[in-house]
Amino acid sequence: MSINNAYKILITLLFKNKEEIEKEIDFKKIKYDNIIKLASSHLMIPALYVRLRENKLLKIINNDFKEYIKYIYDLNKIRNNNLMKELRELSKLYIENEIDHVFLKGSSYIAYGRFNDIGERMIGDIDVLVAKSDYNKSIRLSKKYGYNSNAIFIFDSKHYPRMIHPKKLFALEIHNRLLRKKNKLLKPESFLNNKIKLESNIYVPNKKDRILHTIYNYQINDLGNLNATISYRSLYDIAVYNSEINNLLKFKYSKYLNNYFLISDYIGVTNTNVKLNILNKIYLCRFKAKRKYKIYNILDNIICRQIRATSIRINNFYRLFTSSKYRLYLLNKINRKLNCILFY
């Protein structure tokens, strides 16, 4: 089974119904190791188990494969039950101390009840956006509650360094903005103003903002647009919102949305019929070539890394002359390194 076949099989299992799955997949010919590697790379093993169970296909798959994905699913379900407990605790803490906040990404989908099964979606950290005026207060409050970070602050980061609590399962990332690039695509103020309060007293973004953040987070923060790649996890998060997606594309244009749905249409998950211009066609050709030719994929990734590194260097050089805060940050960074050399 080729890599391309593994992609097609995983897409079919995750996004299509039982009739389509049985029509398109010969389960006797599946190389399950390839499916596990691909599903793991997209953090989709629990979702894969749930989809196979919902479609009553567990009885016809390889037994070792079934036991493995069920084991991962069971662990993830325990984690996500703990997640809800920790979300409620943090929400109570922030509400009582008048911190204007909203939970983001996977945490918001779990809290909202996007998934039929709480074990379906894998979560890394708890991400929370707080109002600019409450940012420093929320960090102090979280530290007082027991969260702490040993990581070094990165200048102009969209969130405070990842914080860990010795008695909690999930790390915490407190955001002061939503995207690594400063632009007007997602405004924190709008997210906070339009948030909704759930019965659990947890604040999450409204549906439109959740969809947009899911896409832009992958396209910009995770460099999906630069690398011409797609995240099955992000697609799975928004796959149930087809009518909302089509409305978004009617009224909100951006290259990030277009390129995202260009690929998702091509692999058969969505049907938005994005209009193609010459740049879109080149972008789609890159995506196809990266999947088909290993050497091209390697070369394309090398070029993308160089583009990203060059962009960072240019931006930092510009900051050196325009930002006194950045110059102070650099001096402190140099001082720390000198102290390490002299005293250790």
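Above this text is the structure in question.
Conventions we followed
Residues numbered from 1 in each chain as written. Predicted model: local features only at pLDDT ≥ 70, side-chain atom pairs only at ≥ 80, totals over all residues. Heavy atoms only, no water. Axes fitted to C-alpha atoms, helices over the stretch in contact; angles between N-to-C directions. Helix = DSSP H or I, 4+ residues; strand = E, 2+ residues; numbered from the N terminus. Parallel < 35°, antiparallel > 145°, perpendicular 65-115°, else oblique. Left-handed = near helix turned anticlockwise from the far one by under 90°. Contact = heavy atoms within 4.5 Å. Nonpolar A, V, L, I, M, F, W, Y, C, P; charged D, E, K, R; others polar. Buried < 20%, exposed > 50% of the residue type's maximum accessible area, 1.4 Å probe, protein only. Salt bridge = Lys/Arg side-chain N within 4 Å of Asp/Glu carboxyl O. Pairing = 2+ DSSP bridges.

K.L.:
Looking at this structure, I do not really get the packing of helix 13 (residues 255-266) against helix 14 (residues 278-292). What am I missing?
P.N.:
Helix-helix packing: each pair is described by the crossing angle between the helix axes and the interaxial distance. Relative orientation of the contacting elements helix 13 and helix 14 amounts to 50°, with a least axis distance of 10 Å. One finds that helix 13 runs oblique with respect to helix 14. Here helix 13 and helix 14 pass one another in a crossing that is right-handed. Where helix 13 abuts helix 14, its residues Asn258, Asn259, Leu262, Ile263 and Tyr266 lie against Asn280, Tyr283, Leu284, Phe287 and Lys288. For the contact of helix 13 with helix 14, a count of residues per class yields 6 nonpolar, 3 polar and 1 charged.

K.L.:
Could you clarify how one ought to interpret helix 3 (residues 32-41) in this entry?
P.N.:
Residues that lie three or four places apart on an α-helix share one face, since the helix turns once every 3.6 residues. Taken together, the buried positions of helix 3 are occupied by Tyr32, Ile35, Ile36, Leu38 and Ala39. The first or second residue beyond helix 3 is leucine 43, which carries a positive phi of 55°.

K.L.:
Explain the side chain of histidine 213 to me, please; I cannot follow it from the model alone.
P.N.:
Position of histidine 213 relative to the elements: it lies in helix 9 (residues 207-221). The exposure class of histidine 213 is buried, given its relative accessible area of 5%. Beyond its immediate stretch of four places on either side in the chain, histidine 213 contacts Leu104, Lys105, Leu178, Leu186 and Phe191.

K.L.:
Explanation requested: the pattern of salt bridges in the structure shown.
P.N.:
A side chain of one charge can pair with a side chain of the opposite charge when the charged atoms of the two come close. Enumeration over the complete set of coordinates arrives at 12 salt bridges. Between arginine 121 and aspartate 237 there is a salt bridge; the shortest N-O distance is 2.6 Å. Highlighted residues: arginine 121 in the loop between helix 6 (105-112) and strand 2 (126-130) and aspartate 237 in helix 11 (residues 232-238), separated in sequence by 116 residues. Each of the two residues, arginine 121 as well as aspartate 237, counts as buried. Across the salt bridge formed by aspartate 300 and arginine 286, the nearest N and O atoms sit 2.9 Å from each other. In this pair, aspartate 300 sits in helix 15 (residues 294-322) while arginine 286 sits in helix 14, placing the two residues 14 residues apart along the sequence. Taken individually, aspartate 300 and arginine 286 each receive the classification buried, so the pair is uniform in this respect. Counted as one network, the salt bridges with shared partners bring together Arg286, Lys290 and Asp300.

K.L.:
How do you make sense of the sheet that holds strand 1 (residues 101-103) when you look at a structure like this?
P.N.:
Adjacent strands of a sheet pair through backbone hydrogen bonds, lying either parallel or antiparallel. With mixed pairing, 3 strands are arranged side by side in an open sheet as 1-2-3. The sheet is open, and its two edges are formed by strand 1 and strand 3 (172-175), each paired on a single side. Each adjacent strand pair in this sheet contributes to an overall mean axis angle of 25°, direction not counted. Examined bridge by bridge, strand 1 and strand 2 share 3 bridges and lie antiparallel to one another. The residue of strand 2 that forms the bridge with phenylalanine 103 is valine 128. Contacts from helix 5 (residues 63-96) reach strand 1, strand 2 and strand 3 within the one sheet, and its direction differs from that of strand 1 by about 175°.

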